[in-house]
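Chain by chain, the residues:
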Amino acid sequence: MKKIFKISLFLFASLAFTACSNDTSDTLTDSETQGGLLSVKTLSLIHAQGNDPTINFEANISGFQGRENIVTVDVYNQFTTFDGVKSNKVLLRTLTFPNVDQMESLSYLFNYNDLIAGLSVNGVPLPADDSTLNIGDYWELSYMSNLGNGNSHMNFPKTKITVSCGSYREGFYSNSTLRPETGAVYTFASDEVTKLGDGLYKNSYVGPYYCGGQTPGSANTIQLPAGTNAGFTFDDVCGVFGLEIQNLASVYTNEVRQSAAQKELSTVDEETGVITIHYSIFFTNNTVERPFITTLTPL
């Protein structure tokens, strides 16, 4: 099997030991990809109430074609209310991989009308008028890979589309990130928050980390050996900030994720615009958790 990318764990470990806090367990995880597995590039989207139901969302996936090629991917759709009641699950799309390159990417479009098609909660179809939905309701798209040998694999990463209010958080912020376990504080003078979609954003830095080409922060911040943007993707659902499970710097299999308790604490001061986001970075095959609190102050 061809290894498309492999990071030296020893390089990062030496950096972490020198610049961090002598945590021998804080090592990056090999990003070797197995054939037949999907990478879901679009983890989170926002449906802002009142939008035209025919306006398209775009989602992106990619697959590594190993000994067994991915032939098609079935995209399944399920709706969950804000209080946890689930709809039936239906097939939204079947995507066909071209099977030309070893690493292949696909994008597909869908809209609100597609998302409600065939779904019902407690026997009641989802409404054509989204004003009757509740903030925090969401759809979840799951991905079934169908391989050339006849096997099928349900992939763990999903795409979540959350019903939300309008959101306007893009801009430049100062970044101060606390590691509560040690009291260490990492600062970045200018953190650009970029809008990816309605209520969906990506910032520039995570924990103490920045990538080559990015501006270093305070003396105790650490440059990652690979990647171009260390930031994380987050959504704003009416002033509550959530992170779907994602890979560190989009390169490593180390997970950046958020517990329910951390999400509840991740809010904004609407008067000052200061955003506070609680999350964790996981190390050593995602068995060691390091919590962080990032405070973004508008510049």
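Values in this document were obtained by computation on a predicted structure and should not be read as measured data.

Analysis parameters
Residues numbered from 1 in each chain as written. Predicted model: local features only at pLDDT ≥ 70, side-chain atom pairs only at ≥ 80, totals over all residues. Heavy atoms only, no water. Helix = DSSP H or I, 4+ residues; strand = E, 2+ residues; numbered from the N terminus. Buried < 20%, exposed > 50% of the residue type's maximum accessible area, 1.4 Å probe, protein only. Contact = heavy atoms within 4.5 Å. Pairing = 2+ DSSP bridges. Axes fitted to C-alpha atoms, helices over the stretch in contact; angles between N-to-C directions. Salt bridge = Lys/Arg side-chain N within 4 Å of Asp/Glu carboxyl O. Polar contact = N/O pair within 3.5 Å; in protein donor to acceptor, adjacent residues only side chain to side chain. Lys, Arg positive; Asp, Glu negative; His and termini not counted.

Colleague: Can you walk me through the side chain of Ser-164 in this structure?
Modeller: Relative to the helices and strands, Ser-164 is located in strand S11 (residues 159-164). Residue Ser-164 is classed as buried on the basis of its relative accessible area of 0%. Once residues within four sequence positions are removed from consideration, Ser-164 is found in contact with Ile-46, His-47, Ala-48, Gln-49, Ile-135, Asp-236, Val-237 and Cys-238.

Colleague: Looking at this structure, how should I read the pairing of strand S13 (residues 184-197)?
Modeller: Note on strand geometry: in a regular strand, side chains alternate between the two faces of the sheet. With 8 bridges joining them, strand S12 (residues 171-179) and S13 adopt antiparallel strand pairing. Bridge pairing in S13 links Leu-178 to Val-185. Once S12 ends, the chain turns through 4 residues before running back antiparallel as S13, passing Gly-183 with a positive phi of about 80°. Linking two consecutive strands that pair antiparallel, namely S13 and strand S14 (residues 200-202), is a turn of 2 residues; a positive phi of about 70° is found at Gly-199 within it.

Colleague: So what exactly am I meant to see when it comes to the sheet that holds strand S6 (residues 103-110) here?
Modeller: Within a beta sheet, neighbouring strands are joined by backbone hydrogen bonds and run either parallel or antiparallel to one another. The strand order across the open sheet built from 3 strands is S1-S3-S6, with neighbouring strands paired in antiparallel fashion. Either end of the sheet is taken by a strand with one partner, and the two such strands are strand S1 (38-40) and S6. Within the sheet, the average angular offset between the axes of one strand and its neighbour, ignoring direction, is 25°. In the sheet, S1 pairs with strand S3 (residues 57-64) via 3 bridges, with the strands oriented antiparallel. Residue pairing for S3: Ser-39 is matched across the bridge by Ser-62.

Colleague: Just checking my understanding: could you explain the pattern of salt bridges for this structure?
Modeller: Once their charged atoms are close, side chains differing in charge can pair, the charge on each being opposite to the other. If you walk through the whole model with that rule in mind, you get 8 salt bridges. Between Asp-114 and Arg-93 there is a salt bridge, and its shortest N-O distance comes to 3.4 Å. Here Asp-114 is found in helix H2 (residues 112-116), whereas its partner Arg-93 is found in strand S5 (residues 86-96), with 21 residues between them in sequence. The exposure class assigned to Arg-93 is partly exposed, which follows from its relative accessible area of 26%. Linking Arg-257 and Glu-255 is a salt bridge whose minimum nitrogen-to-oxygen distance equals 2.2 Å. The class for Arg-257 is partly exposed, based on a relative accessible area of 24%. Note on Glu-255: relative accessible area 19%, which makes it buried. Via salt bridges that share partners, Arg-169, Asp-236 and Glu-270 belong to a single interconnected network.

Colleague: I tried to follow the environment of Ser-266 on my own but got confused; where do I start?
Modeller: Mapping Ser-266 onto the fold places it in the loop between helix H3 (260-264) and strand S21 (267-268). For Ser-266 and Tyr-279, which are 13 residues apart along the polypeptide, the C-alpha to C-alpha distance reads 8.7 Å. Ser-266 has contacts with Gly-239, Val-240, Phe-241, Gln-258, Thr-276, Ile-277 and His-278, leaving out every residue within four places of it along the chain. Polar side-chain contacts of Ser-266 include one of 3.2 Å to the side chain of Gln-258.

Colleague: Where do I start with the side chain of Asp-137 in this structure?
Modeller: By the secondary structure assignment, Asp-137 is in the loop between strand S8 (124-125) and strand S9 (138-147). Buried charge without a partner: Asp-137 forms no salt bridge, and the closest opposite charge is Lys-160, 11 Å away. Engagement of the side chain of Asp-137 in a polar contact is seen with the backbone nitrogen of Asn-134, the distance being 2.8 Å. The contact partners of Asp-137, leaving out residues within four places of it in the chain, are Phe-79, Thr-80, Thr-81, Phe-82, Ile-161, Thr-162 and Val-163.

Colleague: Even after reading the chapter, I still don't get the environment of Ile-293, so can you show me in this structure?
Modeller: Inspection of the secondary structure assignment puts Ile-293 in strand S23 (residues 288-298). Sequence separation between Ile-293 and Tyr-279 is 14 residues; the distance between their C-alpha atoms is 6.5 Å. Beyond its immediate chain neighbours, meaning those up to four positions away, Ile-293 contacts Ser-176, Thr-177, Leu-178, Pro-180, Thr-276, Ile-277 and His-278.

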